[in-house]
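Spelled out, the chains give:
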2 protein chains.
Amino acid sequence: MRGVLHGRRRVAGILHIHWDPSTLRGLRHRPITVPFPSRKPSIILHPPHHVTAPTDIDTLCINTIRTLAIDAVQQADSGHPGAPMGLAPLAYTLFTRHMRHNPGDPEWPDRDRFVLSNGHASMLLYATLHLSGYNLSLDDIKAFRQWGSKTPGHPEHSHTPGVETTTGPLGQGLANAVGMAVAEAHLAATFNRDDHAVVNHHTYFIAGDGCMMEGISHEAASFAGHFRLGKLIGFYDDNNISIDGSTDLTFTDNSKERFAAYGWQVLQVNDGNDLVAIDSAIAEAKADTTRPTLIIVKTHIGFGSPNRQDTAKAHGEPLGEAEVKLTKEAYGWTYPPFTVPPQVAEHWRTQIGARAAAHDEWRKRVIGYTRAYPAEAMEFGRRAQGDLPGGWQSVIPEFTSENGNIASRAASGIVLNAIAAKVPELIGGSADLAGSNLTMLKDSGKFTPDNYAGRNFHFGVREHAMGSMMNGMTLHGGIIPYGGTFLVFADYMRPAIRLAALMKQQVIYVFTHDSIGLGEDGPTHQPVEHLTSLRCIPGLTVIRPADANETAEAWRFAIQHRSGPVALALTRQKLPLIDRTTHAKASGVAKGGYVLTGDEQPDVVFVASGSEVSLALEAHETMKARGMRSAAVSMPCMELFAQQSPEYRASVLPASARKIAIEAAHPMSWYGLVGDTGGVIGITTFGASAPYQRIYEEYGITAKHAVALADSLL
Amino acid sequence: MRGVLHGRRRVAGILHIHWDPSTLRGLRHRPITVPFPSRKPSIILHPPHHVTAPTDIDTLCINTIRTLAIDAVQQADSGHPGAPMGLAPLAYTLFTRHMRHNPGDPEWPDRDRFVLSNGHASMLLYATLHLSGYNLSLDDIKAFRQWGSKTPGHPEHSHTPGVETTTGPLGQGLANAVGMAVAEAHLAATFNRDDHAVVNHHTYFIAGDGCMMEGISHEAASFAGHFRLGKLIGFYDDNNISIDGSTDLTFTDNSKERFAAYGWQVLQVNDGNDLVAIDSAIAEAKADTTRPTLIIVKTHIGFGSPNRQDTAKAHGEPLGEAEVKLTKEAYGWTYPPFTVPPQVAEHWRTQIGARAAAHDEWRKRVIGYTRAYPAEAMEFGRRAQGDLPGGWQSVIPEFTSENGNIASRAASGIVLNAIAAKVPELIGGSADLAGSNLTMLKDSGKFTPDNYAGRNFHFGVREHAMGSMMNGMTLHGGIIPYGGTFLVFADYMRPAIRLAALMKQQVIYVFTHDSIGLGEDGPTHQPVEHLTSLRCIPGLTVIRPADANETAEAWRFAIQHRSGPVALALTRQKLPLIDRTTHAKASGVAKGGYVLTGDEQPDVVFVASGSEVSLALEAHETMKARGMRSAAVSMPCMELFAQQSPEYRASVLPASARKIAIEAAHPMSWYGLVGDTGGVIGITTFGASAPYQRIYEEYGITAKHAVALADSLL
């Protein structure tokens, strides 16, 4: 979300207006109390929509989308032509008649969002973006699915202008869209004033049969229905075909009744080529602002292909030269491959120009808002820019012995609340474990259908949607989302974590109950493999703090780290506070691993993370008392440690020392650090149900065991 | 599923009859063609059920469940009392009036299955099992949540008699139950004859609000509805409370309409204490055999607790001494803690004895079946015992140069079909990627609502439910399930994979498209971290074969391995066939890793898995041509390799050699194998969309790169 109003320039024939926070400069920043407006959208500023009858040029525009998709897939000899062929009329109608967007400024904060949840239909999006005037050329389309192109097999956010999120893994886009609608509702409730709406846009998505079958569609749709996200409008591409064949093979839900049961308005378009019906349905969807709308659109996969239409063969493979020919004949299409007829380009430009005018209206509104509410405008500008508020770090608490021994989840709750008081974009909650994850923000209200300004989210027992909605919230901009659950249930949301990492999005996971240390709940709730399985996700930063002060540093990093997700692994059980007057400062967390105390040339180094750091310290003290040269290292974050210089790393884990790692988890991620001469005290089986002290003892996760291992290695 | 009919003995006062396949000995084994009976259940043998009015003894029995739960949680100072208190009348009614079970033989193949999907209510199950006469004593209950007890925090299969599956992670039990109902339907259709029903039982589950919120409930319920699993009966514990508070905070689905939209019969019990209503609803559910039934039961969490009932406080913590006292007063309960009044024990014994009589009926039916259909009975006995058919390994194909270069997914399809022809219990399918995973069994029919004998499953785009249903299918017994999807989507089913490993259940995952080698679909579809993240799950065996013959050996292991899940990682792209006349035999797969070719005392060893083995061979040949002492090792399975003797492992990866690992995946799992002096050619970022050869080149996953690394290390 970058916005600058630094003048006008023409891109692809479209007036291009940026919003510039410099207009706000010189306005005194003063804290304000934001009233909680009612959930009714304050102002609908765009004029009423008139449904128009289709014309020949409409058909030509639609067939341009279709043939671009057909040609690109054919040339790449790989891809999915069928869905774009069926959905072209919908995409055309939506992009040219309804969406408020400005292809010249794909980052305009108040643009409508569009998400293609059935990401394999990527050519639908690429063709539509190209025709709309986004910075995506015909040459880019010709390079579909080739190395380095802007048109990868599935749409990738930050790779292609106008692609709002990375999709492909089914159902994710639908839940991302719910998250975007949440962000819009929250920012609108926070910033809009009765006479000024600076946030007022819709979120659209298209979902296929696969998205509707995935469990995440249930979680996200149930959430959207409960919270009455009235500016969320989805299309279900109801084409009765999935990769294996007819959906009748396995999927006969009554989706209309299903979504009605979630509290959605459900509309039906019986012919996906009926532009008037599509147009009217969208208008009707917009008119009901009290609940989300699903428009079920009956389409024909591979529309127009004489031998492939309505078959699974149209789904995921090129039509083949012969069928391409027959299909183009059926369209009456006489142009060479990759042609955009001039009248199509012209028509599209005119249509989009009219839509982009909304950007100009919005700019005027922001100017009015800035005059009337300078402080709010300043704050809105800051959040739109993605800057953190000045001085936010000053509130991070330092824990002393007066705080006593507290669990890192408890420290996390304290730190989170301190930071959240200064960082209003920090919003989030828990998947029905708020009291365990300690994720509740005091005095910040609940996000409810009647109070979208509330910052505390009850995500429900919906880990997967929580993860994916957080992706949508951060992608929307203006928000730093966090979400809590038990570490073991990171598994439920893993596809969403992966996508946050792939998209380099700031999402913070508060994973508590991070080992056998949770005790009685037993092996179903005790993570063993989870730290390793998260550490190997490229771009995810996993931090497992050793005490309250490391927890504070972990949160500091998580807020500062704007280019990727961070997972915090926190204990249920209490942890001793490390005495920082005699041991190194917790600021060492920023380096991933650091020496807490010990000999400068140790023969043995005990290295641990989280709750096991106290065992490393205990083992070190035992060795020291025996006159050995020993050291204790805290390693809260392997990813950050790997980024340090070789010299620094060698100073923490010297080549000459025996390295003993201690972590109540699978040892796999430690082998590279301890090397051939070291060892790991870890767990390679599942846990057990009992008071945690007993489990630690039975599993040998003890200082005594670490000392014995050191003895055997030295 | 073990069953032996070796006489009678009395356990807990109940007649105990085993079914003994020795009665079948001497019958000639002959192959038979099993006709596909219609999907209507052949015979309902149990007498019509009469709903009976409640009595005082009923109340006393119900309050015994409640007080046992209260006392156990109080004594453990940990656990969930509220749900057992609300659900006690339902459990009592179900176990004493409906379920066909024999506590003396919890392994009776034709018993009704009961699954507690809201596993945190474990004390409901433990109390009910104890009162029913299962081998679970009052002392076991007193040891609730303690080290080594039979009563862990959440129910664990194979740990406690009568616990059909391990639950706790929400939604899993519901999907397990669907899998059990699938198994019942399939075995009934396969073995029953018009006049003899040897498989004819119900599957019951209880699910809580959390289960209903989880996405997996959508996938599994949609599947069950489509396939009209008429002998599946679920109860929704509709108590309006989850951990964070009222479900009104976030969950207001109309669950009745939602399940109706899936094709379920939905019944409502408005008072969870109304035994007549519960009784009638179950009878009505049984009467409709054409679709699954959900019975929505309005209950009160913490029923009877004056200050906790209907609050989240009743959910996950002990009531506390004072409230325990008040609650028992409200029940009119005057006994000391952990008391089963004698009249309760007596009443329960009588009730269960009547239910267990069904076991005797079944025994007679099996005798009749054995006389009429000796071959089928022999086969049924074999599958009930869990024995593999004689000679099944003889059909495993050996691939030669005549087969040409084929992808390991293609080899897998060939091997799977060969084995399946001999192993009829091998049934499965794909999550809508049958044509890509090559999981279809030829000439074996499709599992459809009209043909439950079919062996090919269209699981739909429901990876999570597929995984969890497979757990249910294997737990039921008589079946070896397999399921396919792309390796990257293992993430969608990870909670189910973990539970298969925890329960040591035989489930086979066919994960194809196992690296950047899938090419154009791009980073959303290209696994990077997945091999490491699966290898660190305790008890899961991950095999990534290098060519067609290793794929055959991988399947051999997967079928033989009866005590845990196996994940096969298979390529989309073609692989060269390793010449076994000049290289070691593929039987080395059984040892996890083996030397393909090379010097006996190598200075450098190139070790790889799957598609990268050909690169290891190429690098080795390059070094050899340069006169270096080199070797090439195939490492299809790290878990099996770790189980070999230190001597064997050192013979494959000698301490004196530089070890270079090559795998188009995250390197983390290799560090322990290559050691301090070795190196890994791997991937620590996400993939890219392009033809795969280009990606391999750009990412440096090449023999040239491996040789360069070797040069730099030597």
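Preceding this section is the structure that the text describes.
Presented here is a report on the structure given in the accompanying data block. Given the structure is predicted, the values throughout are model-derived calculations rather than measurements.

What follows covers the overall build of chain A. When its secondary structure is counted, chain A shows 24 helices and 22 strands. In terms of overall size, chain A behaves like a compact globule, its C-alpha atoms giving a radius of gyration of 28 Å where 714 residues would be expected to give roughly 27 Å. Projected onto its principal axes, the C-alpha positions of chain A cover 90 × 60 × 45 Å. Counting across all 714 residues of chain A, residues that qualify as buried make up 68%. Across chain A, every contact between residues at least 6 apart in sequence was considered, and the portion connecting residues at least 24 apart equals 77%. Working note: accessible area of chain A is about 22,200 Å², and carbon and sulfur atoms make up 51% of it. Computed over 63 positive and 70 negative side-chain charges, the separation of the two mean positions in chain A equals 6 Å.

The transform that puts chain B on chain A rotates by 180 degrees and translates by 0.0 Å along the axis, for an RMSD of 0.0 Å. As the rotation angle and translation indicate, the two copies are arranged about a two-fold axis. A shared binding surface is used by both copies, with 100% of the interface residues of chain B retained as interface residues in chain A.

Chain B puts 100 residues into the contact, and the matching count from chain A is 100 residues. At the boundary of chain B with chain A, total buried surface from both sides reaches about 8,000 Å², with 58% on carbon and sulfur atoms. A salt bridge links arginine 145 of chain A to aspartate 521 of chain B, with the nearest nitrogen and oxygen atoms 2.8 Å apart. Counting across the chain B and chain A interface gives 58 residue pairs in polar contact (both at pLDDT 80 or more). It is helix α7 (residues 215–226) of chain B that contributes the most residues to the side of chain B that touches chain A, seven residues altogether.

Glancing now at the sheet that holds strand β22 (residues 679–681) of chain B. Residue and element names in this part refer to chain B. Taken in spatial order, the five strands line up as β18-β20-β19-β21-β22 in an open sheet, and their pairing is mixed. Whereas interior strands pair on both sides, the edge strands pair on one side only; in this sheet they are β18 (594–598) and β22. Neighbour-to-neighbour, the strand axes of the sheet open up by a mean angle of 25 degrees, direction not taken into account. Examined bridge by bridge, strand β19 (residues 604–608) and strand β20 (residues 630–634) share five bridges and lie parallel to one another. Its bridge partner being in β20, phenylalanine 606 is matched across the sheet by alanine 632.

Residue and element names in this part refer to chain B. Take valine 633: it is sitting in strand β20. According to the relative accessible area criterion, valine 633 is buried, its value standing at 1%. For valine 633 and glycine 593, which are 40 residues apart along the polypeptide, the C-alpha to C-alpha distance reads 6.9 Å. Those residues in contact with valine 633 that sit more than four places away from it in its chain are Tyr594, Val595, Leu596, Val605, Phe606, Val607, Ala608 and Val652.

Turning next to helix α13 (residues 408–422) of chain A. Residues and elements named next belong to chain A. Look at α13: 21 Å from first C-alpha to last across 15 residues, which is about the 21 Å you get at 1.5 Å a residue. By the criterion of burial, α13 is predominantly enclosed, with eleven of the 15 residues buried. All of the buried residues along α13 are Ser408, Arg409, Ala411, Ser412, Gly413, Val415, Leu416, Asn417, Ala418, Ile419 and Ala420.

Further remarks concern the pattern of salt bridges. Within this structure, the stated rule accounts for 62 salt bridges over all chains. We note a salt bridge from lysine 150 of chain A to aspartate 140 of chain A, for which the minimum N-O separation is 4.0 Å. Of this pair, lysine 150 of chain A sits in the loop between α4 (138–142) and α5 (172–191) while aspartate 140 of chain A sits in helix α4, and the two are ten residues apart along the sequence. Since its relative accessible area comes to 24%, lysine 150 of chain A is described here as partly exposed. Linking arginine 544 of chain B and glutamate 612 of chain B is a salt bridge whose minimum nitrogen-to-oxygen distance equals 2.8 Å. Note that arginine 544 of chain B is positioned in the loop between β15 (541–543) and α18 (548–560) and glutamate 612 of chain B in the loop between β19 and α19 (613–625), a separation of 68 residues in sequence. Using a relative accessible area of 1% as the deciding quantity, one classes arginine 544 of chain B as buried.

Residue and element names in this part refer to chain B. With four of five residues buried, strand β21 (residues 658–662) is to be regarded as a mostly interior element. Sheet topology places β19 next to β21; five bridges connect them, and they run parallel. By the bridge assignment, alanine 608 is partnered in β21 with isoleucine 662. Relative to β22, β21 is paired through three bridges, and the arrangement is parallel. Residue pairing across strands places alanine 661 opposite valine 680, the latter belonging to β22.

The biggest cluster of nonpolar side chains holds 162 residues, and the ones touching the most others in it are Leu229, Trp264 and Tyr509 of chain A together with Leu229, Trp264 and Tyr509 of chain B. In this structure, Ile480, Ile543, Ala664 and Tyr696 of chain B belong to the second largest nonpolar core, which totals 77 residues.

Residues and elements named next belong to chain A. Along strand β14 (residues 508–512), five of the five residues are buried, which leaves the element largely enclosed by surrounding structure. Burial along β14 is two-sided: Ile508, Val510 and Thr512 and Tyr509 and Phe511, pointing in opposite directions, are all buried. As judged from the five bridges shared by strand β13 (residues 480–486) and β14, these two strands associate in the parallel manner. Paired with glycine 483 across the bridge in β14 is tyrosine 509. Pairing geometry for β14 and strand β16 (residues 566–569), over four bridges, is parallel. Considered in β16, the bridge of phenylalanine 511 is made with alanine 569.

Considering all chains together, one arrives at zero disulfides over all chains under this definition. With no disulfide of its own, cysteine 536 of chain B lies 6.4 Å from the sulfur of cysteine 536 of chain A, the closest cysteine sulfur. Taking the relative accessible area as the measure of exposure, cysteine 536 of chain B reaches 0% and is therefore buried.

Once that is clear, we can look at the environment of threonine 685 of chain A. If you trace the backbone, threonine 685 of chain A turns up in the loop between β22 (679–681) and α23 (692–698). Threonine 685 of chain A sits in the partly exposed class, given a relative accessible area of 42%. Once the C-alpha coordinates of threonine 685 of chain A and alanine 665 of chain A are considered, the two residues, 20 residues apart in sequence, prove to be 9.2 Å apart. With near-sequence residues (within four places) excluded, threonine 685 of chain A lies in contact with Val528 and Tyr699 of chain A together with Pro538 of chain B.

The end-to-end C-alpha separation of helix α1 (residues 56–76) of chain B is 30 Å, in line with the 30 Å expected for 21 residues at 1.5 Å each. Most of α1 of chain B is tucked away, with 16 of its 21 residues classed as buried.

Reading the values: rules and limits
- Within each chain, residue numbers correspond to sequence positions counted from 1 in written order.
- Lettering for chains starts from A, numbering for ligands starts from 1, and both go in the order in which the items are written.
- Note on the predicted model: pLDDT of at least 70 is required for a residue's local features to be given, and 80 or more for side-chain atom pairs to be given and counted; whole-chain, interface and lining totals, by contrast, use all residues.
- Each side-chain value is worked out from all heavy atoms of the structure, with water and hydrogens disregarded.
- Only DSSP runs of H or I covering at least 4 residues are called helices, and only runs of E covering at least 2 are called strands; the numbering of each starts at the N terminus.
- The reference for a compact globule is 2.2 Å times residues^0.38; the radius of gyration itself is calculated from the C-alpha atoms.
- Categorising residues by exposure relies on relative accessible area from a 1.4 Å probe, with only protein chains included: less than 20% of the type maximum marks a residue as buried, more than 50% marks it as exposed, and the intermediate range marks it as partly exposed.
- Two residues form a contact once any of their heavy atoms are found within 4.5 Å.
- Only the protein chains shown count as cover for residues, and all accessible areas are computed by the Shrake-Rupley method using a 1.4 Å probe.
- Only four residue types enter the tally: Lys and Arg on the positive side, Asp and Glu on the negative side; His and the chain ends are excluded.
- Throughout, a charge is located at the NZ atom of Lys, the CZ atom of Arg, the CG atom of Asp or the CD atom of Glu.
- Superposition of the copies used a least-squares fit over C-alpha atoms from residues whose pLDDT is at least 70 in both.
- The buried area of a pairing is the accessible area, by a 1.4 Å probe, that goes missing from both parts when the two are put together, added over both.
- Whenever Lys or Arg places a side-chain nitrogen within 4 Å of a carboxyl oxygen from Asp or Glu, that contact is recorded as a salt bridge.
- Whenever a nitrogen or oxygen atom comes within 3.5 Å of another N or O atom, the pair is scored as a polar contact, on the condition that within protein one atom can donate a hydrogen and the other can accept it, and that pairs from neighbouring residues in sequence are kept only if both atoms are in side chains.
- Here, any two strands with at least 2 DSSP bridges between them count as paired.
- Orientation is described by lines fitted to C-alpha atoms, with helices fitted over the stretch in contact, and by angles between N-to-C directions that extend from 0 to 180 degrees.
- Expected helix span is given by 1.5 Å per residue-to-residue step, counting one fewer step than there are residues.
- Residues belong to a common nonpolar core when they are buried Ala, Val, Leu, Ile, Met, Phe, Trp, Tyr or Cys residues joined through side-chain atoms within 4.5 Å.
- Counting rule for disulfides: a pair of cysteine sulfur atoms within 2.5 Å.

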